[in-house]
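# Results of the structural survey
Letter by letter, the chains look like this.
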Amino acid sequence: MRLFDTSFLVDVVRGRERARTVLDQIDAHGERPATTEVNAYEILYGAYPGGQLDAKRFAAMQKVLSRFDVLPLDRAGAIQAAEISARLVAQGRPIGALDILVAGIALASGYTTIVTRDVDFRRIRELRVETY
């Protein structure tokens, strides 16, 4: 199962052809794409340029998110994220906290592939990274 990262969501909102093609292929196969609440936060943050709500951007982002199952951060995801983070820090290869949370949620929810343009996820041995 594949989980879609923020870079993919942003590309869909921006109308990037490659991302739209991937999403259309998923729809054609009857697959329901998934992302996380962390990714929802990251994309929705972009609807507040300069600290003010841009209603048009917000609506576009909500429309994109409605096409995805949005997985919550629960205790199992937090534990998985803490384990990954501690291991990467011990190896001297840390990545950002939000990406760690996304990875933890994904793995705790049974997702082993992440679709992204972010190379940091390659440091997480339990995840397969798929680019588009």
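Residues numbered from 1 in each chain as written. Predicted model: local features only at pLDDT ≥ 70, side-chain atom pairs only at ≥ 80, totals over all residues. Heavy atoms only, no water.

## Regarding the packing of aromatic side chains
- Following the criterion strictly, the structure yields four aromatic pairs and no others.
- Arranged with centres 4.7 Å apart and planes meeting at 50°, the rings of phenylalanine 4 and phenylalanine 8 form a pair that is tilted.
- Residue phenylalanine 4 is classed as buried on the basis of its relative accessible area, which comes to 0%.
- Both rings, one in tyrosine 41 and one in tyrosine 45, keep their centres 6.4 Å apart while their planes meet at 50°; by these two values the pair is tilted. Remark: tyrosine 45 and tyrosine 41 occur in helix 3 (residues 37-45); sequence separation between them is four residues, near one turn of the helix. (Phe/Tyr/Trp six-rings, centres within 6.5 Å; stacked < 30°, edge-to-face > 60°. Buried < 20%, exposed > 50% of the residue type's maximum accessible area, 1.4 Å probe, protein only. Helix = DSSP H or I, 4+ residues; strand = E, 2+ residues; numbered from the N terminus.)

## Things to note about the side chain of arginine 87
- Of note, arginine 87 is situated in helix 5 (residues 75-90).
- A polar side-chain atom of arginine 87 sits 2.9 Å from a polar atom in the side chain of glutamate 126.
- Among residues more than four places away in sequence, those in contact with arginine 87 are Ile124, Arg125 and Glu126. (Polar contact = N/O pair within 3.5 Å; in protein donor to acceptor, adjacent residues only side chain to side chain. Contact = heavy atoms within 4.5 Å.)

## Quick word on helix 5
- For helix 5, spanning 16 residues, the distance from its first C-alpha to its last is 22 Å, which sits close to the expected 22 Å at 1.5 Å a residue.
- When helix 5 is considered as a whole, its buried residues turn out to be Gly77, Ala81, Ile84, Arg87 and Leu88. Along the axis of helix 5, the buried positions cluster into a sector of 135°, meaning they face one direction only. Of the exposed residues in helix 5, the ones pointing more than 90 degrees away from its buried face are Arg75, Ile79, Val89 and Ala90.
- Looking at the buried residues of helix 5, the elements they touch are helix 6 (97-108). (Expected span 1.5 Å × (residues − 1). Arc of directions from axis to C-beta.)

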